[in-house]
Amino acid sequence: MVGKTNNTIAFSYDIDKLFNDVRLLSAYMTKNLGTETGSLLDAFAITEDEKEVYEVCVSQSLPDIYESILKTTSGVTDAFKIEEVEADELADLERPKGTYVVISIQDNNAYNENTLSLVEPTLYDCIKYGTLAEFYSVNINADLLNLARAKFNECMGQLNRRLFQLKKKSVKSLY
């Protein structure tokens, strides 16, 4: 979800939805892994039992993303945060009760509005694959770790290209 307030653009992602997406990706990545003793799906796919580790992995992946978009956060307080939305806040935030990753950047109002629809899913992909890479660095499997890191790096490159439009500032006339 994208929201604009007080000269900022906030990208908000539900932690539970993110968990379901990351869990699904890990299942697809591991379903064809196997050895002579059988499938490795149970050993390397993220399950409901690993939700606490997943939450740690989300937190560990955010600094790499933050470093990449640091220039767009100048003047924005709490540019990266994980926040709880309570029931009484629903009317103001238009988000259901839950926990969200919120990434806020400057709104320079000098870009094509359609750029936001490109940046929002790309940022989400960065969080998903960054989380997977962190998970496979803990639940050690070199092949899965390399796949997740490669996809994360690809998403980060794409994010940087797409953020270019949002970095531009308005040109003020001298006349």
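This one's a predicted model, so the numbers in the text were calculated from it and none came from an experiment.

Caption draft 1: Representation of the overall build of the protein chain. Within the protein chain, the regular secondary structure consists of six helices and six strands. Ordering the α and β elements of the protein chain from the N terminus gives β-β-α-β-β-α-α-β-α-β-α-α. When contacts within the protein chain are restricted to residue pairs at least 6 apart in sequence, long-range pairs at least 24 apart make up 72% of them. Accessible surface for the protein chain amounts to roughly 10,100 Å². Of this, 51% is attributable to carbon and sulfur atoms.

Caption draft 2: Inspection of the pairing of strand E2 (residues 8-14) at higher detail. Here E2 lies mainly inside the structure; six of its seven residues are buried. Pairing of strand E1 (residues 2-5) with E2 involves four bridges; the strand directions are antiparallel. When the sheet's bridge partners are listed, Gly3 is paired in E2 with Ala10. Where E1 folds back on E2, the antiparallel hairpin that results is connected by two residues, among which Asn6 adopts a positive phi of roughly 45°. Bridging between E2 and strand E6 (residues 98-106) involves seven bridges; their strand directions are antiparallel. Following the sheet pairing, Tyr13 is matched in E6 by Val101.

Caption draft 3: The nonpolar core, seen in detail. Counting residues in hydrophobic clusters, the biggest one holds 42 residues, and the most contacted among them are Phe11, Ile65, Ile127, Tyr136, Leu159 and Leu166. Where this core is concerned, the elements lending two or more residues are E2, helix H1 (15-30), helix H3 (51-68), E6, helix H5 (114-138) and helix H6 (142-167). Sorting elements by how many residues they give to this core places H5 first, with eleven residues. When residues no more than four places from it in sequence are discounted, the contact partners of Tyr136 are Ser26, Met29, Thr30, Phe44, Ala45, Asn141, Leu144, Leu145 and Ala148.

Caption draft 4: Spatial organisation of H6. Compared with the 38 Å implied by 1.5 Å per residue over 26 residues, the 36 Å span of H6 between its first and last C-alpha is a close match. Taken as a whole, H6 carries its principal kink of about 25° at Arg161. Looking at H6, one finds that the buried residues are Leu144, Leu145, Ala148, Phe152, Cys155, Met156, Leu159, Leu163 and Leu166.

Caption draft 5: The arrangement of the side chain of Asp107 in detail. Here Asp107 is to be found in the loop between E6 and H5. Here Asp107 falls in the buried class, since its relative accessible area comes to 9%. Discounting residues that sit within four places of it in the chain, Asp107 has contacts with Lys4, Asn7, Thr8 and Ile9.

Caption draft 6: A look at the pattern of salt bridges. The final tally for this structure, using the stated rule, is four salt bridges. For Glu154, the salt bridge is made with Lys151, and the minimal N-O distance between the two is 3.4 Å. Linking Glu154 with Lys151, this pair stays in helix H6, spanning three residues, or about one helical turn. Since its relative accessible area comes to 29%, Lys151 is described here as partly exposed.

Caption draft 7: Expanded view of the side chain of Ser61. Position of Ser61 relative to the elements: it lies in helix H3. The class of Ser61 is buried, set by a relative accessible area of 2%. Those residues within four positions of Ser61 in sequence are excluded, and the remaining contacts are Ile127, Gly130, Thr131 and Glu134.

Caption draft 8: Main features of the confidence of the model for the protein chain. Chain-level pLDDT for the protein chain is 78 on average; 82% of the residues reach the 70-or-more range. Mean pLDDT across the elements of the protein chain bottoms out in helix H4 (residues 90-93) (47) and peaks in H5 (87).

Caption draft 9: Up close: the environment of Thr47. Along the chain, Thr47 falls in the loop between helix H2 (41-44) and H3. The class of Thr47 is partly exposed, set by a relative accessible area of 32%. The contacts of Thr47, once residues within four sequence positions are left out, are Phe19 and Arg23.

About the thresholds
- Residues numbered from 1 in each chain as written.
- Predicted model: local features only at pLDDT ≥ 70, side-chain atom pairs only at ≥ 80, totals over all residues.
- Heavy atoms only, no water.
- Helix = DSSP H or I, 4+ residues; strand = E, 2+ residues; numbered from the N terminus.
- Contact = heavy atoms within 4.5 Å.
- Areas by Shrake-Rupley, 256 points an atom, 1.4 Å probe, with all protein chains shown as cover.
- Buried < 20%, exposed > 50% of the residue type's maximum accessible area, 1.4 Å probe, protein only.
- Pairing = 2+ DSSP bridges.
- Core = buried A, V, L, I, M, F, W, Y, C linked by side-chain atoms within 4.5 Å.
- Expected span 1.5 Å × (residues − 1).
- Bend = angle between axes of the 7 residues up to and from the residue.
- Salt bridge = Lys/Arg side-chain N within 4 Å of Asp/Glu carboxyl O.
- pLDDT = per-residue confidence, 0-100.

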